[in-house]
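Letter by letter, the chains look like this.
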Amino acid sequence: MRVLIVEDERELADTLAEGLRLDGFGVGVAHDGAAALQCLSEGGFDVVLLDRDLPVLSGDAVCRTLVAQGHPARILMLTAAGTVGDRVRGLDLGADDYLAKPFAYVELLARIRALGRRRGDASADTVLERSGVRLDPVRRVAERDGRPVRLTRRELAVLEALLVADGGYLTPQRLLGLAWDEPGEHTAATVRLAVHTLRKKLGHPWLIDNSPGLGYRIE
């Protein structure tokens, strides 16, 4: 299951991202509403943790936009405003769930998993497979033709993004958004190095194709 954290409090966003990755989720991070919509327009996320009080574009505006577009991701609103009226207004905007700050991480985790089940996406139990590569995102276990492949957390995130793309190309910028918590602090060279080490660990014959102008894919 892939989760997009939309939170302008960077320390909180980083803490949530680290926790969710350790619990087996694919994680993306955006710090304002406009960046969130850009990430979501490219697809690949199942649940959005959406703060209501965001710069550039408010969480309410993001929620309305996603609902109007019929975006499939489930929306869990996070906010310091936790009155009954606030919850009702958030749900009336189209959010699927609402959690007031401060919250317990274990409750957030349970709500994310519940939203994933409601989405009809059993990705918590889904094993991704393509071209002899098998990845269990929850257990963080990868194999190539039945041979275990030991990967770092970052390499697992890159591999998951490529497998979810199902043969489609992912640009370096897109991979940064999917596999790095702070994509703006990294460059295409960072992606190139991560893909290089991942390709070597997966072994021959090489599986990850790089096409100039298109990006990376597993054929």
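Going by the structure above, here's the rest.
Nothing here was measured: the structure is a model prediction, and the numbers come from that model.

Undergrad: Help me out: how do you make sense of the overall build of the protein in this one?
TA: What the protein contains, in helices and strands, is eight helices and 11 strands. By the burial criterion, 50% of the 219 residues in the protein qualify as buried. When contacts within the protein are restricted to residue pairs at least 6 apart in sequence, those whose partners lie at least 24 apart make up 61%. Accessible surface, the protein: about 10,200 Å² in total, of which carbon and sulfur atoms supply 52%.

Undergrad: What exactly am I supposed to notice about the environment of Leu151 here?
TA: Here Leu151 shows up in the loop between strand E9 (147-149) and helix H6 (153-164). Leaving out residues up to four positions away in the same chain, Leu151 has contacts with Ala142, Leu156, Leu159, Leu198 and Lys201.

Undergrad: Sorry if this is basic, but what is going on with the pattern of salt bridges here?
TA: Two side chains bearing opposite charge may form a pair once their charged atoms approach each other closely. Per the counting criterion, the structure on display carries 13 salt bridges. A salt bridge links Arg217 to Asp209, with the shortest nitrogen-to-oxygen separation between them at 3.7 Å. Note on Arg217: relative accessible area 23%, which makes it partly exposed. Connected through shared salt-bridge partners, Glu7, Glu9, Asp51 and Lys101 make up one network.

Undergrad: I would appreciate a short explanation of helix H2 (residues 33-41) in the present structure.
TA: Spacing of three or four residues puts side chains on the same side of an α-helix, whose turn is 3.6 residues. Every buried residue belonging to H2 is among Gly33, Ala36, Leu37, Cys39 and Leu40, and all of these are buried. Summarising the axial view, the buried residues of H2 lie within an arc of 160 degrees, below the 170-degree limit, and thus occupy one face. If you follow the buried residues of H2, they end up packed against strand E1 (2-6), strand E2 (26-30), strand E3 (47-51), helix H3 (59-69) and helix H7 (172-179). Measuring from the side-chain oxygen of the N-cap residue of H2 to the backbone nitrogen of Ala34 gives 3.0 Å; that N-cap residue is Asp32.

Undergrad: Teacher, can you tell me more about unusual backbone geometry here?
TA: Glycine aside, the phi torsion of most residues is negative, and most peptide linkages are trans. A cis geometry characterises the amide bond from Lys101 onward to Pro102, with omega recorded as -5 degrees. In this structure, Pro102 sits in the loop between strand E5 (97-100) and helix H5 (105-118). Note the cis peptide between His204 and Pro205, where omega equals -10 degrees. Relative to the assigned elements, Pro205 resides in the loop between helix H8 (188-202) and strand E10 (208-211). The phi dihedral of Val56 falls on the positive side, at around 70 degrees, and the residue is not glycine. Along the chain, Val56 falls in the loop between E3 and H3. Note on Val56: relative accessible area 68%, which makes it exposed. Backbone geometry places Ser131, a non-glycine residue, at a positive phi of 50 degrees.

Undergrad: Whenever I open this one, the sheet that holds strand E4 (residues 74-79) confuses me. Can you help?
TA: Consider a sheet: its strands pair through backbone hydrogen bonds, and that pairing is either parallel or antiparallel. Ordered in space as E2-E1-E3-E4-E5, the five strands form an open sheet in which the pairing is parallel. In the strand order of this sheet, the two ends are held by E2 and E5, each with one partner. The sheet shows a mean angle of 20 degrees between the axes of neighbouring strands, taken without regard to direction. When E4 meets E5, the two strands line up parallel, connected through four bridges. From the neighbouring strand, Met77 faces E5, where its bridge partner is Tyr98. Contacting E3 and E4, H3 runs over the sheet at an angle of about 170 degrees to E4.

Undergrad: In this structure, what is going on with the sheet that holds strand E6 (residues 128-130)? I would like to understand it.
TA: One open sheet accounts for four strands, arranged E6-E7-E8-E9; its pairing is antiparallel. Strands with a single pairing partner mark the edges of an open sheet, and in this sheet they are E6 and E9. When strand polarity is set aside, the average angle formed by the axes of neighbouring strands in this sheet is 20 degrees. Here strand E7 (residues 133-136) pairs with strand E8 (residues 141-144) via four bridges, running antiparallel. Counterpart to Leu135 in the pairing with E8 is Ala142. Packed onto the sheet, H6 meets E6, E7 and E8 and runs at close to 115 degrees relative to E7. Relative to the sheet, H8 contacts E7, E8 and E9, its axis offset from that of E9 by approximately 160 degrees.

Cut-offs applied
Residues numbered from 1 in each chain as written. Predicted model: local features only at pLDDT ≥ 70, side-chain atom pairs only at ≥ 80, totals over all residues. Heavy atoms only, no water. Helix = DSSP H or I, 4+ residues; strand = E, 2+ residues; numbered from the N terminus. Buried < 20%, exposed > 50% of the residue type's maximum accessible area, 1.4 Å probe, protein only. Contact = heavy atoms within 4.5 Å. Areas by Shrake-Rupley, 256 points an atom, 1.4 Å probe, with all protein chains shown as cover. Salt bridge = Lys/Arg side-chain N within 4 Å of Asp/Glu carboxyl O. Arc of directions from axis to C-beta. Polar contact = N/O pair within 3.5 Å; in protein donor to acceptor, adjacent residues only side chain to side chain. Pairing = 2+ DSSP bridges. Axes fitted to C-alpha atoms, helices over the stretch in contact; angles between N-to-C directions.

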